[in-house]
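# Fold and contact review
One letter stands for each residue in the lines below.
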Amino acid sequence: MYSVLIVDDERPVIESISYMLRKNRPELQIAGTATSGREAIRKAEENKPDIILIDVKMPGINGLDALREIKRRMPYVMPILTTAYERFDIAQTAFELGVQEYLLKPFSQKKLIAAVDAAVQTLKRNSSGQGESLKHIELLHSLQGSIEQLFFKSIKLAGGLEDFIPFLQTTLSLHSTRGCIGLLAWEVSDERERSGPEAGDGPFESADGRIQLGRILLSKLKYKFPCLGSVSAEEILFFFPEIHGSISAPGEEDLGKIFKGNSGGREVPRWYFTLGGSVDLPRLPDSCHEARQHISRRKGEIAGGDVDLEMIRSRLPDWRSSIEDAVVQNRPVELDRLIDTDLMNIGDLDTARSVIVDLGLNIEHLHRFTSSYPPRVVRADSREELFSLCTGWFRYLAEQVILQRNSSMPLLLRRALEYIDVHYSRPVQLADVALEVEVSPAYLSNLFTRHLGRSFIDQLTDCRIDKARQLLAEKCHSIKTVSRMVGYQDPNYFSRLFKKCTGQSPSEYRP
């Protein structure tokens, strides 16, 4: 019989997991529960569990640090991580700690049982002598494709690559410290793209067809040239490592032969290929940018001049945070301002498209959405079209976030939010809202924290500041009047709070 230790700082979560395990896997023994990292270490030492289900974010010692100490004392334990945060740094640390499964909250009963069953099977294999090495080999094979995609996403976003490189070198046996980015870009007219796979002479003019051909090309190249690759309908990104001081990479003639030999005599859409410069691995975004500049000039999209890549790299974290915050909080005025004043002023059109696609895909990935916007943004051939598509995409994402939130939000919390939205200009207290929805203030506060990840006062402040943004954009009211209209009688306090929330004073923000 195998035993399980359940660790989470929310008692209802512990009770829910315990119930699901007792109902579906009665043969497993609940070896104990803990609500903090420190308690988890103590309970693990006392009860010696075979499997540990542990949350990441807990007060004091967090789940990962607690797990690191537990694994040091009991290396055989099978960890299953539970978290509400889908972040690469968590996944990387989890992998290094030998985490068996990674469950994103809220997870279903089916996923929980599948994760526990997988841990039990691993324990059985280990006890039969197949050992820990087999588990890591299987895990590496299953993760390799995802690792490559994360690697190329880090290059496109020009951020986080330095922290990712040691993990990449370990998991993919990459021993080089330098290399370059290769870029193959397809040229497909908007008319052909809209016509679908039946248009033209063959299947390769459709998005699916180009992805299929790109995968064939990548698989063939890997036999001859050491490389990694990422295939999409618009382009293929390659990484060619520098080995013994030189890079082995294909030329256009090599690529042409592969296309000719694998297209079945069908017409292949026009394509461009180039290499960026060889750089140290943390500077691969520079190599990627250089390759994109070469392609853009060959296509005639820009007349020359360089984009300030350092500026883009330094601003990207702020853009990601600001755009995500505006989308999640449904602030259309703020979204339009960020798009118009920041994103539309990025150097050349190609770089602006790339940054916008990365920002949008980041939100889609975090909230598990998909949309038809990314390929349309990539094909935008003017700043006017790009602005329209970007605005439409981000507003669509904001609507999806609201629908997703409402589908899982208790009715009491929805009523509380509606009350705040109507009465924000008055002196609103938590007790007032609790009285309105007929629950205790403590219970309502817990609902805000559990479902929105924020306090009541944070929600009220965000509502007021968002209304203030809209009023300032109208240019009809003084700052003092706006302050009072959104519930702040002291204009100086309002101005300080507004700057803290937006990074600008009200007078700086006013368009």
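Residues numbered from 1 in each chain as written. Predicted model: local features only at pLDDT ≥ 70, side-chain atom pairs only at ≥ 80, totals over all residues. Heavy atoms only, no water.

## A short note on the overall build of the protein chain
Short version of the rule: Counting from the N terminus, the helices are the DSSP runs of H or I reaching at least four residues and the strands are the DSSP runs of E reaching at least two. Remark: exposure states derive from per-residue accessible area (1.4 Å probe, protein chains only) relative to the maximum for the residue type, with buried under 20%, exposed over 50%, and partly exposed in between. In this description, contact between two residues means that some pair of their heavy atoms is separated by no more than 4.5 Å. Residue-level accessible areas treat just the shown protein chains as cover; the underlying method is Shrake-Rupley with a 1.4 Å probe.
If you tally the helices and strands in the protein chain, you get 23 helices and eleven strands. The 511 residues of the protein chain split such that 47% are buried. For the protein chain, restricting intrachain contacts to residue pairs at least 6 apart in sequence, the fraction spanning at least 24 positions comes to 66%. Just so you have it, the protein chain exposes about 24,900 Å², and 50% of that area is on carbon and sulfur atoms.

## Quick look at helix α1 (residues 11–24)
Counted only if it meets this: Multiplying 1.5 Å by the helix residue count minus one yields the expected span of that helix. Arc definition: directions from the helix axis to the C-beta atoms.
A rise of 1.5 Å per residue sets the reference length of α1, with its 14 residues, at 20 Å; its end C-alpha atoms lie 20 Å apart and thus fit the reference within 8%. Among all positions of α1, only I14, I17, S18, M20 and L21 are buried. Projected down its long axis, α1 carries its buried residues within an arc of 165 degrees, all on one side. For α1, exposure combined with an orientation more than 90 degrees from the buried face picks out Y19, R22 and K23.

## With respect to the packing of aromatic side chains
The criterion, for reference: Working definition: rings of Phe, Tyr and Trp (its six-membered ring) pair if their centres are within 6.5 Å, and the pair is stacked with planes under 30 degrees apart, edge-to-face with planes over 60 apart, and tilted otherwise.
Inspection of every chain in the model, using the stated rule, returns eleven aromatic pairs. Measuring from ring centre to ring centre gives 6.3 Å for Y373 and W393, while their planes differ by 10 degrees; the resulting arrangement is stacked. One end of the pair, Y373, is in helix α15 (residues 373–378); the other, W393, is in helix α16 (residues 383–408), with 20 residues separating them in the sequence. On the basis of relative accessibility, which here comes to 16%, the residue Y373 falls in the buried class.

## Overview of the pairing of strand β2 (residues 29–34)
Condition: When DSSP finds two or more bridges between a pair of strands, those strands are recorded as paired. Handedness of a crossover: with both strands directed away from the viewer, a clockwise path from the first strand across the helix to the second marks it as right-handed.
With five bridges connecting them, strand β1 (residues 3–7) and β2 associate as parallel partners. Bridging from a neighbouring strand, V4 pairs with I30 of β2. You can see the chain leave β1, run along α1 and come back into β2, and the turn it takes is right-handed.

## Observations regarding the pairing of β1
Here is the key point about a regular strand: its side chains alternate between the two faces of the sheet. Judged by how many residues are buried, β1 sits mostly within the fold: five of five residues are covered. In β1, alternate side chains face the same way, and those of S3, L5 and V7 on one face and V4 and I6 on the other are all buried. Bridge count between β1 and strand β3 (residues 51–55): four bridges; the pairing is parallel. Residue I6 lies in a different strand from β3, and its bridge partner there is L53.

## Overview of the packing of helix α18 (residues 430–437) against helix α19 (residues 441–452)
Selection rule: Axis angles are defined between N-to-C directions and span 0 to 180 degrees, where every axis is a line fitted to C-alpha atoms and, for a helix, only to the segment in contact. Should an angle fall under 35 degrees it is called roughly parallel, over 145 degrees roughly antiparallel, and 65 to 115 degrees roughly perpendicular, with every other angle called oblique. Note on residue categories: nonpolar means Ala, Val, Leu, Ile, Met, Phe, Trp, Tyr, Cys or Pro, charged means Asp, Glu, Lys or Arg, and polar means any other residue, Gly included.
Relative to each other, α18 and α19 sit at 95 degrees, their axes nearing to 9 Å. Taken together, α18 and α19 sit at an angle that is classed as roughly perpendicular. Contact with α18, carried on its side by L430, A431, V433 and A434, involves P441, L444 and S445 of α19 and no other residues of that element. Among the residues forming the contact of α18 with α19, the class breakdown is six nonpolar, one polar and no charged.

## Describing the sheet that holds β1
Across the sheet, five strands lie side by side as β2-β1-β3-β4-β5; this open sheet has parallel pairing. Where the open sheet ends on each side, the last strands, each with one partner, are β2 and β5 (101–104). The sheet shows a mean angle of 20 degrees between the axes of neighbouring strands, direction not considered. Of the strands in this sheet, β1 and β2 are in contact with helix α2 (residues 37–47), which crosses β2 at around 150 degrees. Packed on one face of the sheet, helix α3 (residues 63–73) meets β3 and β4 (78–83) and runs near 155 degrees to β3.

## Here's the deal with the side chain of R353
To be explicit about the condition: Polar contacts, as counted here, are pairs of nitrogen or oxygen atoms within 3.5 Å of one another; within protein the pair requires one atom able to donate a hydrogen and one able to accept it, and residues that are adjacent in sequence qualify only if both atoms are side-chain atoms.
With respect to the element layout, R353 can be found in helix α14 (residues 349–367). Look at R353 and you get buried, because its relative accessible area is 8%. Among the polar contacts made by the side chain of R353, one reaches the main-chain carbonyl oxygen of A380 at a distance of 2.6 Å.

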